[in-house]
Each structure stands twice: as structure tokens, then as C-alpha cells.
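Commentary on secondary and tertiary structure
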Amino acid sequence: MKYLKINTEQNADLEALQNAVLQLKGVASVEIVDDENPESELKKAFAKTKEQLKKGDYETLVNDIFDIITKNNSKK
């Protein structure tokens, strides 16, 4: 999987940008990440984990944790 990072201005319409990118061929998903507010990303991660546990989606949960571990190790 490859990622595209888009830096936006303060007043950018992120929802419109997200919808536009989703219309492009080959785009599977779009996620808005706020580097200046990492706490919100942590809250999203916990919410996602909670939903995965509720649904019994343990395989995806384990894969997500493995991805986080391997990404952190590759940065060192």
C-alpha cells in the first residue's frame, strides 16, 4: 500500500478535499490526520480498537497492532 500526504492551509475544506480524492480511481480510503493535534488521533485509534473488539474483529486488531510495532521499529 502507498500513501499520499497532502499538506493543507488552515482554512481548507477538508471534507470537500476528502470527497474529491475518494472519487479518484484506485483510491481505497482517505483519512484526515492532524499532526498538530495527535491526541485526536489517539482517541480515534482507541475508538477503532473498541469497535473491533465489540465486533470480534480480532484479526484486524492484531494486524493493526503489528503494523504499529513494525512502523515504530523501522523509524529507529
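These numbers were taken from a predicted model, which means no experiment stands behind them. Starting afresh in each chain, residues are numbered from 1 along the sequence in its written order. It should be noted that, the model being predicted, local features are given only for residues of pLDDT at least 70 and side-chain atom pairs only at 80 or more, the latter also being counted only at that level, while totals for whole chains, interfaces and linings use all residues. Note that water and hydrogens are dropped before the side-chain values are worked out from all heavy atoms of the structure.

1. A short note on the overall build of the protein chain
Helix numbering and strand numbering both begin at the N terminus, where a helix is a DSSP run of H or I of at least 4 residues and a strand a DSSP run of E of at least 2. Helix and strand content of the protein chain: three helices and zero strands. Listed N to C, the secondary structure of the protein chain is α-α-α in terms of helices and strands. Between buried and exposed lies partly exposed: a residue is buried under 20% and exposed over 50% of the maximum accessible area for its type, with that area taken using a 1.4 Å probe on protein chains only. Within the protein chain, buried positions represent 5% of all 76 residues.

2. Here we look at the side chain of Gln52
Position of Gln52 relative to the elements: it lies in helix α2 (residues 38-55). Using a relative accessible area of 5% as the deciding quantity, one classes Gln52 as buried.

3. Points about the environment of Leu53
Relative to the helices and strands, Leu53 resides in helix α2. On the basis of relative accessible area, Leu53 is assigned to the partly exposed category, the value being 43%. Discounting residues that sit within four places of it in the chain, Leu53 has contacts with Tyr58 and Leu61. The contact definition used throughout considers only heavy atoms, calling two residues in contact when any of these lie within 4.5 Å.

4. Things to note about the pattern of salt bridges
For this analysis, a salt bridge means a side-chain nitrogen from Lys or Arg found within 4 Å of a carboxyl oxygen belonging to Asp or Glu. Overall, the coordinates contain two salt bridges when judged by the stated rule. Across the pair Asp64 and Lys48 runs a salt bridge, and its minimum N-O distance is 3.2 Å. Of this pair, Asp64 sits in helix α3 (residues 58-75) while Lys48 sits in helix α2, and the two are 16 residues apart along the sequence. Across the pair Glu51 and Lys54 runs a salt bridge, and its minimum N-O distance is 3.8 Å.

5. Overview of a nonpolar patch on the surface
For patch building, the residue pool is restricted to those with more than 30% relative accessible area and no salt bridge; the joining distance is 9 Å between like charges and 5 Å between nonpolar side chains (Val, Leu, Ile, Met, Phe, Trp, Tyr). For the accessible areas, the method is Shrake-Rupley and the probe is 1.4 Å, while residue cover comes only from the protein chains on display. A contiguous nonpolar patch, built from Leu4, Ile6, Leu14, Leu17 and Ile32 and spanning about 420 Å² of accessible area, is present on the exposed surface. Inspection of the secondary structure assignment puts Ile32 in the loop between α1 (14-22) and α2.

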